[in-house]
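Survey of secondary and tertiary structure
Here is what each chain is made of, one letter per residue.
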Amino acid sequence: MKSIAIFASGTGSNAQNIITYFKNNPDIYVNCVYSNKENAPVLHKAQQLGVPSLTFNKENFYNSDLILETLKNQNPNIIVLAGFLWKFPEKIINAFSGKIINIHPALLPKFGGKGMYGMNVHKAVVANKETHSGITIHHVTKNYDEGATIFQEKVALSDTDTAADVAKKIHNLEAKHFPKIIEDVILNKI
Ligand code: GRF
């Protein structure tokens, strides 16, 4: 069996889609949802879908080896950041080199970097009068949003789209592509 560890901080619509996508797959499953937020809605979603979860604080994550050792024990084939807002520690990146991927709700390298998450991204896209936005699935390195791109997909924007409209379009793209791209990465197809 191949396994997926998901890290998420918020709503968890991507986590939910990923768990559901692999639910009946005999070879690949989500073994744990990790979150830095005790009350994040993603934890409720994981519980409802029967996936174990683990929460941690800054001390556990950065100054102890608790999460690193837990991950080493579980030994996931891939670590997926799905709306995870903290910087990933270098020691975990080094231990799982090439196996950590993130989804960013814009077409990197545009609209990436510190502070560019959630609605901030979509507001910036609208303010910049972009004709397109999209998603970028990329490898995780020690700098925010800078790892090699695995997959990008664009969506057209109209000049009346609000940031909320853009968010909806991006969530649709994420739902359509992210689980399948994760599967392809696990199966070494891309
Ligand atoms: C998504 O738009 C994702 O691209 C970004 O954070 C958002 C998380 O949404 N990294 P959700 O928690 O999966 O609903």
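Residues numbered from 1 in each chain as written. Predicted model: local features only at pLDDT ≥ 70, side-chain atom pairs only at ≥ 80, totals over all residues. Heavy atoms only, no water.

1. Quick look at the sheet that holds strand β5 (residues 100–104)
Short version of the rule: We treat two strands as partners when DSSP finds at least two bridges between them. Helix numbering and strand numbering both begin at the N terminus, where a helix is a DSSP run of H or I of at least 4 residues and a strand a DSSP run of E of at least 2. Note on definitions: angles span 0 to 180 degrees between N-to-C directions of axes, and those axes are lines fitted to C-alpha atoms, for helices only across the stretch in contact. The criterion used for residue contact is that any of the two residues' heavy atoms lie within 4.5 Å.
With mixed pairing, seven strands are arranged side by side in an open sheet as β3-β2-β1-β4-β5-β6-β7. Each edge of the open sheet is held by one strand with a lone partner, namely β3 (53–55) and β7 (149–156). Taking the axes of each pair of neighbouring strands and ignoring which way they run, one obtains an average angle of 20° across the sheet. Summarising the sheet, strand β1 (residues 2–7) and strand β2 (residues 28–35) pair through six bridges and their orientation is parallel. In the strand pairing of β2, A5 is matched with C32. Contacts from helix α7 (residues 163–186) reach β1, β2, β4 (78–81), β5, β6 (132–139) and β7 within the one sheet, and its direction differs from that of β7 by about 155°.

2. Details of a positive patch on the surface
Rules: Patch membership is restricted to residues that have no salt bridge and whose relative accessible area is over 30%. Joining uses 9 Å for like charges and 5 Å for the nonpolar side chains Val, Leu, Ile, Met, Phe, Trp and Tyr. Only the protein chains shown count as covering a residue, and every accessible area follows the Shrake-Rupley method with a 1.4 Å probe. Any carboxyl oxygen of Asp or Glu within 4 Å of a side-chain nitrogen of Lys or Arg constitutes a salt bridge here. Note that His is not counted, nor are the chain ends; the positive residues are Lys and Arg, and the negative ones are Asp and Glu. Where a charge sits is defined by one atom per residue type, namely NZ (Lys), CZ (Arg), CG (Asp) or CD (Glu). Accessible area is worked out with a 1.4 Å probe on protein chains only. A residue is then buried under 20% of its type maximum, exposed over 50%, and partly exposed in between.
Judged by side-chain charge, K58, K87, K114 and K142 come together as a positively charged surface patch. Mapping K114 onto the fold places it in the loop between β5 and α6 (118–127). Relative accessible area serves as the criterion here: at 72%, K114 is assigned to the exposed category.

3. Observations regarding the site of the ligand
We count it as follows: Residues are counted as near a molecule or strand when any one of their heavy atoms sits within 4 Å of it. The definition of a polar contact used here is a pair of N or O atoms within 3.5 Å, where within protein one atom must be able to donate a hydrogen and the other to accept one, and adjacent residues in sequence count solely through side-chain atom pairs. Lys, Arg, Asp and Glu make up the charged group, whereas Ala, Val, Leu, Ile, Met, Phe, Trp, Tyr, Cys and Pro make up the nonpolar group; the residues left over, Gly among them, are polar.
Around the ligand, a shell composed of T11, G12, S13, N14, G83, I103, P105, H171 and E174 is seen. Between a nitrogen atom of the ligand and a main-chain N or O atom of I103, the distance comes to 2.9 Å. Measuring from an oxygen atom of the ligand, one finds a side-chain N or O atom of E174 at 2.3 Å. A total of 370 Å² of accessible area belongs to the ligand in isolation, and the protein chains cover 87% of it. Put simply, the parts of the chain that give the shell around the ligand at least two residues each are α1 (13–22) and α7. Counted by class, the shell around the ligand contains two nonpolar, six polar and one charged residues.

4. Details of α6
Going by this rule: Taking the helix axis as origin, the arc is that swept by the directions to the C-beta atoms.
When we look at burial in α6, the residues that qualify are V121, H122, A124 and V125. Burial along α6 is one-sided: seen end-on, the buried residues are contained in an arc of 160°. Turned more than 90 degrees away from the buried face of α6 sit K123 and A127, all of them exposed. Looking at the buried residues of α6, the elements they touch are β5, β6 and α7. Positive backbone phi, at 55°, marks K129, one or two positions downstream of α6.

5. Considering the pairing of β1
Using the following cut-off: The crossover handedness rule: strands pointing away from the viewer, path from first strand over the helix to second strand clockwise, crossover right-handed.
For β1, the buried fraction is high: five of the six residues fall into the buried class. Once the chain exits β1 it traverses α1 before rejoining the sheet at β2, and the crossover so formed is right-handed. Pairing analysis gives four bridges linking β1 to β4, with the strands arranged parallel. Across the sheet, the residue bridging to A5 is I79, located in β4.

6. As for the pattern of salt bridges
One pass over the structure, following the stated rule, counts four salt bridges. For the salt bridge of K91 with D65, the shortest nitrogen-to-oxygen distance reads 3.2 Å. On the criterion of sequence distance, the pair formed by K91 in helix α5 (residues 90–95) and D65 in the loop between α3 (58–63) and α4 (66–74) is long-range, its members being 26 residues apart. By relative accessible area, which is 28% here, K91 ends up partly exposed. On the basis of relative accessible area, D65 is assigned to the partly exposed category, the value being 39%. Residue K110 is joined to E130 by a salt bridge in which the shortest nitrogen-to-oxygen separation is 3.0 Å. With K110 in the loop between β5 and α6 and E130 in the loop between α6 and β6, the pair connects residues that are 20 residues apart, well separated along the chain.

Honestly, it's all geometry; don't read function into it.
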